[in-house]
Amino acid sequence: MKDPDEHPQPSDLELPPDEMRRLGYHVVDLLVDRWTNLRDGPAWQFSPRDELEPLLWGPPPEEGRDPDQVIGEVVDRVLPKAGRIDHPRFFAFIPSSPTWPSVMGDFLATGFNVFQGTWLESAGPSQLELVVMDWFREWLGFPEEGGGLLTSGGSAANLCALVAARERAGNPVDPVLYVSDQGHSSLERAARIVGIPSESIRRIPTDEEYRLDVALLAEAVVTDRAKGLHPLCVSANAGATNTGAIDPLDGIAVLAKEEDLWFHIDGAYGGFALLVPSEAESFRGIEKADSVTLDPHKWLFQPYETGCLMVRDTQTLEGAFRILPEYLQDTALGKEHVNFADRGIQLTRGFRALKIWMSVQTLGLKAFREAIETGIRHAREAERYITGSPALEMMGPSSLGIVCFRFRPPGSDMSKEKVEELNLEIQDEIVDSGFAMMSSTRLRGEFSLRLSILNYRSTWEDVQETLEEVVRVGKRRLGKGGLG
Ligand SMILES: Cc1ncc(COP(=O)(O)O)c(C=O)c1O
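Residues numbered from 1 in each chain as written. Predicted model: local features only at pLDDT ≥ 70, side-chain atom pairs only at ≥ 80, totals over all residues. Heavy atoms only, no water.

**Comments concerning the domain arrangement of the protein**
No. 1: Each assigned domain of the protein is listed here: domain 1 (104-363) and domain 2 (366-480).
No. 2: Here domain 1 and domain 2 have C-alpha centroids that lie 31 Å from each other.
No. 3: The interface of domain 1 with domain 2 comprises 33 residues on the first partner and 24 residues on the second.
No. 4: Both sides of the domain 1 and domain 2 interface together cover about 2200 Å² of buried area, and 65% of this is carbon and sulfur.
No. 5: The tally of links between domain 1 and domain 2 comes to two salt bridges. (Domains from an automatic or database assignment. Contact = heavy atoms within 4.5 Å. Buried area = accessible area lost by both parts, 1.4 Å probe. Salt bridge = Lys/Arg side-chain N within 4 Å of Asp/Glu carboxyl O.)

As structure tokens, this is what we get:
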């Protein structure tokens, strides 16, 4: 009798190598087709739940199905019903446009199933994350002791920064966080998690360019100290989500030092613009921060989820997060063998550094710098176009690829509400047509359309045609007289 264990049957979870190759090549073909035809399709497609549910709802099958059919369903029913965030005319929110080598990096990291939490389990990947962190450290101008870790995104990075700030200050009672009135919502969420209630978040007013007012910040700190509270941290914007504004980093750095505040900079979307020489002056002071959030999945052209927190002294992070339970005692290999799990929230982490490293190695940093520079240039051209157009008006200066504007022809003495209604209609019509995707916001209470020009594929024609479309649709709707 043959021992059944001698030649174990493959698990039902395994596929034969030929089938793995066939399916893998099929998926690559699908992706390359998508990428090469991206411009021809809509920038966005919406589906209500009552349309999607009948297509997709159902219990998990007990037996597996034909994999081609499964992929086909995903490609037909799921993936097209979403924003095509890397479409050249997707200008909404904060777009992301990964490069092909970075996608390959993610595929490899997933296929090799790297556990990037401890050096013991991932020496090579940990070394590569150190390399990438060192690139970022140099770009920021941080000292040798500086470093960081890759996170799921900017929200996680902002959270880790607040934890580090709180721990360095000795976990004080009544901590206070200072952000500009343009600060990102993830900071408020992070504050909740670390135990800073909303009443202890000071939203410092900004100037006419949406930059934090340092004098008002100083006053707020003095007032809080007088009340016996503990001013803990100031978070400045290096690319506010609404307007792209960069706060006066240098001035805030001086105040933070005087007042012993942790100086955090949220550069989630805008931070990588410091690679562009013409922007260097606006980033002056970033090198004095205690921590900086950077999102490679935004303006460093990486796929989701790739965020990053950099700190000027890695001990502040490791001091805040390091815990060594007995079941991980084998992983303590000495300080030089960094366990990235000791720097943040996750023990199990994916190998995010690979996509960054592979894409920069393959394409060269110059290409990244130029792509960021082009986005900034297009936004400035858009500002000139809008300023020169009698039908459009800017809602603030363009900054770091973001343009806030609205349709408002002269002589049409519309109320604020009518202007808003008309602009909403314009936005809806353009977005529904799939021609371009743009979002809206509110600046000092006023409705604004908003273009975020960060995609390396976007040309000036894409931007110009979108603005022309706003004017065309606006004039037609005005002409109809419905809003008069
Ligand atoms: C300035 C800023 N901070 C933080 C975030 C949050 O980042 P994430 O969405 O990667 O969590 C964003 C997202 O757009 C952002 O623009």
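Still more to cover.
**Some words on the sheet that holds strand 3 (residues 201-204)**
No. 1: Pairing within the open sheet is mixed, and its seven strands lie in the order 1-7-6-5-4-2-3. Strands at the two margins of the open sheet, each flanked by one partner only, are strand 1 (147-151) and strand 3. In this sheet, neighbouring strand axes are inclined to one another by 20° on average, regardless of whether the strands run parallel or antiparallel.
No. 2: Pairing geometry for strand 5 (residues 262-267) and strand 6 (residues 291-294), over four bridges, is parallel. If you follow Gly-267 over to strand 6, its bridge partner there is Leu-294. (Pairing = 2+ DSSP bridges. Helix = DSSP H or I, 4+ residues; strand = E, 2+ residues; numbered from the N terminus. Axes fitted to C-alpha atoms, helices over the stretch in contact; angles between N-to-C directions.)

**Looking at the packing of helix 14 (residues 416-433) against helix 15 (residues 460-480)**
No. 1: Running from N to C, helix 14 and helix 15 cross one another at 120°; their axes reach a closest spacing of 9 Å. Compared by their axis directions, helix 14 and helix 15 come out oblique. Crossing handedness for the pair helix 14 and helix 15: right-handed. Contacts between helix 14 and helix 15 involve Leu-422, Glu-425, Ile-426, Glu-429 and Ile-430 from the former and Glu-469, Val-470, Val-473, Gly-474, Arg-476, Arg-477 and Leu-478 from the latter. (Parallel < 35°, antiparallel > 145°, perpendicular 65-115°, else oblique. Left-handed = near helix turned anticlockwise from the far one by under 90°.)

**Let's talk about the pattern of salt bridges**
No. 1: Tallied over the full model, the rule gives 34 salt bridges.
No. 2: Note that Glu-129 and Arg-349 form a salt bridge whose closest N and O atoms lie 2.7 Å from each other. In this pair, Glu-129 is assigned in helix 5 (residues 123-140) and Arg-349 in the loop between helix 11 (314-321) and helix 12 (353-363), connecting sequence segments 220 residues apart.
No. 3: Among the ionic contacts, a cluster of salt bridges with common partners joins Asp-250, Glu-281, Arg-284 and Lys-288.

**What to know about the environment of Val-311**
No. 1: Here Val-311 lies in strand 7 (residues 307-311).
No. 2: Through-space distance from the C-alpha of Val-311 to that of Leu-363 is 27 Å; in sequence the pair is 52 residues apart.
No. 3: Sequence-distant contacts of Val-311, defined by excluding residues within four places in its chain, comprise Phe-142, Gly-146, Gly-147, Trp-262, Asp-290, Ser-291, Thr-316 and Leu-317.

**Focus on the side chain of Asn-237**
No. 1: With respect to the helices and strands, the residue Asn-237 is situated in strand 4 (residues 230-237).
No. 2: Here the side chain of Asn-237 touches Gln-182 through a polar contact of 3.4 Å, landing on its backbone oxygen. (Polar contact = N/O pair within 3.5 Å; in protein donor to acceptor, adjacent residues only side chain to side chain.)

**Some words on helix 3 (residues 67-78)**
No. 1: Here helix 3 is twelve residues long and its end C-alpha atoms lie 16 Å apart, about the 16 Å a rise of 1.5 Å per residue gives.
No. 2: If you check the start of helix 3, you find a side-chain oxygen 3.1 Å away from the backbone N of Asp-68, and it comes from Asp-66. (Expected span 1.5 Å × (residues − 1).)

**Here we look at the packing of aromatic side chains**
The geometry of an aromatic ring pair is captured by the separation of the ring centres together with the interplanar angle, meaning the angle of the planes.
No. 1: Inspection of every chain in the model, using the stated rule, returns nine aromatic pairs.
No. 2: Between Trp-44 and Phe-46, the aromatic rings sit 5.8 Å apart at their centres with planes inclined by 25°, giving stacked as the arrangement.
No. 3: When the centroid spacing of 5.8 Å and the interplanar angle of 35° are considered together, the rings of Tyr-269 and Trp-299 count as tilted. With Tyr-269 in the loop between strand 5 and strand 6 and Trp-299 in helix 10 (residues 296-299), this pair connects stretches of sequence that are 30 residues apart.
No. 4: Judged by its relative accessible area of 0%, Trp-299 falls in the buried class.
No. 5: Within the aromatic cluster, the residues linked to one another by ring pairs are Phe-136, Trp-139 and Phe-272.
No. 6: Against the face of Phe-435 rests Arg-89, its NZ or CZ located 4.3 Å from the ring centre.
No. 7: Over the ring of Trp-35 we find Arg-457; its NZ or CZ atom is 5.1 Å from the centre of that ring. (Phe/Tyr/Trp six-rings, centres within 6.5 Å; stacked < 30°, edge-to-face > 60°. Buried < 20%, exposed > 50% of the residue type's maximum accessible area, 1.4 Å probe, protein only. Lys NZ or Arg CZ within 6 Å of the ring centre and 35° of its normal.)

**Some points on the environment of Arg-202**
No. 1: Position of Arg-202 relative to the elements: it lies in strand 3.
No. 2: Along the chain, Arg-202 and Val-179 lie 23 residues apart, while their C-alpha atoms are 6.2 Å from each other.
No. 3: Residues contacting Arg-202, with those up to four places away along its chain left out, are Val-176, Leu-177, Tyr-178, Val-179, Asp-224 and Leu-229.

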